[in-house]
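Here is how the chains run, residue by residue.
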Amino acid sequence: MPQTRLHDFRRGSLRFDVSDTGPLDGPVVVLLHGFPGSRRTWHTVTPLLAAGGARVVAFDQRGYSPGARPRRRRDYRAVDVVGDVTALLDALQVERVHLVGHDWGGFVAWRMAAASPHRLSGVTVLSTPHPRAMLRSLVSSAQALRSLYIGFFQLPWLPEALLRPRLARLLVASGLPIDLAQEYQRFLSGPQALRGALNWYRGMWLPDRRRRRTAPDAITVDTTYIWGNGDQALGRRAAELTGRYVGAEYRFVELDENHWLPERAAARVAQEVLSAMGRDHSGTDASR
């Protein structure tokens, strides 16, 4: 069957919007955005990856795609958001992809790598440490103070009310370029969009009997982890602990950047992803 561009896909009653560029016969890389972005997060990274020969697929995740904004927080548990990625791979009719995630997208990448390593040729995570490393850092560094805002996000309706008119200003203060900050604010002004985005914080750790209790702590997929040493939300301790939880080839890349790596360091991000994809297919470190 000839390959065709994917513009959207469905999972049950949810419909997700997709961008699909680059050569159709190239190795597939899937890009996962975080809060409060969208597939627009990868706007500058995508053409660089496509120029390197990759088929580049990004989608607006659960809570962000207008057709996929469930209202209940329990619909944002880890197994659900990881299942969305699996549904995308099935819609693409590909067995394995290189998975790239930033912020919450990075969390999804870690979980996907643990639960379904057979669907991944490799993984590149931006900013977000391994979940176990994050937990350890909460009691061994100032990470708990950096993460206090997550407690505020658990409140009903109040975070939406306070963030909606101020989001762009807060994003600029954190180092995001003003044009993107304004675009992200406009995007999340749609019906239920901000609520859907915040439900990632509210639902991700809810008890879930469907969760695989046998999921390995150690990642068995070749991994590149990119962290900015000016990240205001995610500190050094968790970043440096992350390698302990990867039982495959591991590369840690530290940049003199803040949290917004896809937006501010697109060329370096694309370089590292293409290098990692080269290792996926050659079994060697193409950067050496």
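For the structure itself, look to the data block above.
Residues numbered from 1 in each chain as written. Predicted model: local features only at pLDDT ≥ 70, side-chain atom pairs only at ≥ 80, totals over all residues. Heavy atoms only, no water.

### Remarks on the overall build of the protein
Note the following rule: Labels follow the DSSP assignment, with helices taken as runs of H or I lasting at least four residues and strands as runs of E lasting at least two, numbered in each case from the N terminus. Only C-alpha atoms enter the radius of gyration, while the globule expectation follows 2.2 Å times N to the 0.38, with N the number of residues. Note on areas: Shrake-Rupley with a 1.4 Å probe; residue coverage comes only from the protein chains shown. Positive charge is attributed to Lys and Arg, negative charge to Asp and Glu, and no charge count is given to His or to the chain ends. Positions of charges follow a simple convention, taking NZ of Lys, CZ of Arg, CG of Asp or CD of Glu.
Looking only at helices and strands, the protein features 13 helices and 8 strands. For the protein, whose C-alpha radius of gyration is 18 Å, the value lies close to the compact-globule estimate of 19 Å for 288 residues. Overall size of the protein, expressed as C-alpha extent along the three principal axes, is 50 × 45 × 40 Å. In the structure as shown, the protein presents an accessible area of about 12900 Å², 53% of it carried by carbon and sulfur atoms. Taking the average location of the 39 positive side-chain charges in the protein and that of its 27 negative ones, the two points are 8 Å from each other.

### Some thoughts on the environment of Val 85
Test applied: Relative accessibility decides the category of a residue: with a 1.4 Å probe and only protein chains considered, values under 20% of the type maximum give buried, values over 50% give exposed, and everything between is partly exposed.
Tracing the backbone through its elements, the reader meets Val 85 in helix H2 (residues 78–92). Classification of Val 85 as buried rests on a relative accessible area of 1%. C-alpha of Val 85 to C-alpha of Met 204: the two residues are 119 residues apart in sequence and 15 Å apart in space.

### Observations concerning the nonpolar core
Soluble, globular proteins show a tendency: their nonpolar side chains are buried together. Where we set the bar: Only buried Ala, Val, Leu, Ile, Met, Phe, Trp, Tyr and Cys residues count toward a nonpolar core, and they belong to the same one when joined by side-chain atoms within 4.5 Å. Only heavy atoms matter for contacts: two residues are in contact if any of them lie within 4.5 Å across the pair.
Residues Val 30, Phe 35, Phe 59, Leu 88, Leu 92, Leu 99 and Trp 200 are the most contacted members of the largest nonpolar core, which totals 61 residues. Setting aside chain neighbours within four positions, we find Leu 88 in contact with Leu 6, Phe 9, Val 18, Val 30, Val 57 and Phe 59. Grouped together as the second largest cluster of nonpolar side chains are 20 residues, Leu 31, Ala 58, Val 253 and Met 277 included.

### Quick word on the packing of aromatic side chains
The description of an aromatic ring pair rests on the distance of the ring centres and on the angle between the ring planes. Spelled out, the test is: Here a pair means two rings of Phe, Tyr or Trp (six-membered ring of Trp) with centres within 6.5 Å. Their orientation is stacked below 30 degrees between planes, edge-to-face above 60, and tilted elsewhere.
Scanning the entire structure with this criterion turns up 16 aromatic pairs. Considering the side-chain rings of Trp 104 and Trp 200, the 5.9 Å spacing of their centres and the 50° angle between planes classify their relative orientation as tilted. Of this pair, Trp 104 sits in helix H3 (residues 104–115) while Trp 200 sits in helix H10 (residues 193–203), and the two are 96 residues apart along the sequence. In terms of burial, Trp 104 and Trp 200 fall into one category: buried. Taking the centre distance of 4.9 Å and the plane angle of 70° together, the rings of Phe 153 and Tyr 201 count as edge-to-face. In this pair, Phe 153 sits in helix H6 (residues 148–153) while Tyr 201 sits in helix H10, placing the two residues 48 residues apart along the sequence. Of the two residues, Phe 153 and Tyr 201, neither departs from the other in class, the shared state being buried. In this structure an aromatic cluster arises from ring pairing among Phe 35, Trp 104, Phe 107, Tyr 149, Phe 152, Phe 153, Trp 200, Tyr 201 and Trp 205.

### Here's the deal with a nonpolar patch on the surface
Stated precisely, the cut-off is as follows: Patch membership is restricted to residues that have no salt bridge and whose relative accessible area is over 30%. Joining uses 9 Å for like charges and 5 Å for the nonpolar side chains Val, Leu, Ile, Met, Phe, Trp and Tyr. Here a salt bridge means any side-chain nitrogen of Lys or Arg lying within 4 Å of a carboxyl oxygen belonging to Asp or Glu.
Taken together, the side chains of Leu 135, Leu 138 and Val 139 present a nonpolar region at the surface, about 310 Å² in accessible area. Relative to the assigned elements, Val 139 resides in the loop between helix H4 (131–138) and helix H5 (143–146). Taking the relative accessible area as the measure of exposure, Val 139 reaches 79% and is therefore exposed.

### Observations regarding H4
Selection rule: Directions pointing from the helix axis toward each C-beta atom define the arc.
Of the residues making up H4, those classed as buried are Ala 133, Met 134 and Ser 137. The arc enclosing the buried residues of H4, seen along the axis, measures out at 105°, which places them on a common side. Elements in contact with the buried residues of H4: H5 and helix H11 (236–241).

### Digging into the sheet that holds strand S6 (residues 120–126)
Note the threshold: When DSSP locates at least two bridges between a pair of strands, those strands are taken to pair. Think of each axis as a best-fit line through the C-alpha atoms, taken over the contacting stretch in the case of a helix, with angles from 0 to 180 degrees between the N-to-C directions.
Pairing within the open sheet is mixed, and its 8 strands lie in the order S1-S2-S4-S3-S5-S6-S7-S8. On the outer flanks of this sheet lie strand S1 (8–11) and strand S8 (250–255), each paired with one strand and no other. Taking each pair of neighbouring strands and ignoring which way they run, the sheet shows an average axis angle of 20°. Relative to S8, strand S7 (residues 223–228) is paired through 6 bridges, and the arrangement is parallel. Within S8, the residue paired with Thr 223 across the bridge is Tyr 250. Those strands touched by H2 are S1, strand S2 (14–21), strand S3 (28–32), strand S4 (55–59) and strand S5 (97–102), and its axis lies near 125° from that of S1. This element, H3, spans S3, S5, S6 and S7 of the sheet and lies at about 140° to S5.

### With respect to the side chain of Arg 62
How we decide: In protein, a polar contact means a hydrogen-donor-capable atom and an acceptor-capable atom, both N or O and within 3.5 Å, with residues adjacent in sequence counting only if both atoms are side-chain atoms; elsewhere, any N or O pair within 3.5 Å suffices.
Turning to its location among the elements, Arg 62 is positioned in the loop between S4 and H2. Within polar-contact distance, the side chain of Arg 62 engages the side chain of Asp 84 at 2.8 Å. Apart from the residues within four sequence positions on either side, Arg 62 is in contact with Arg 11, Leu 14, Phe 16, Ala 68, Pro 70, Asp 75, Tyr 76, Asp 80, Val 81, Asp 84 and Trp 200.

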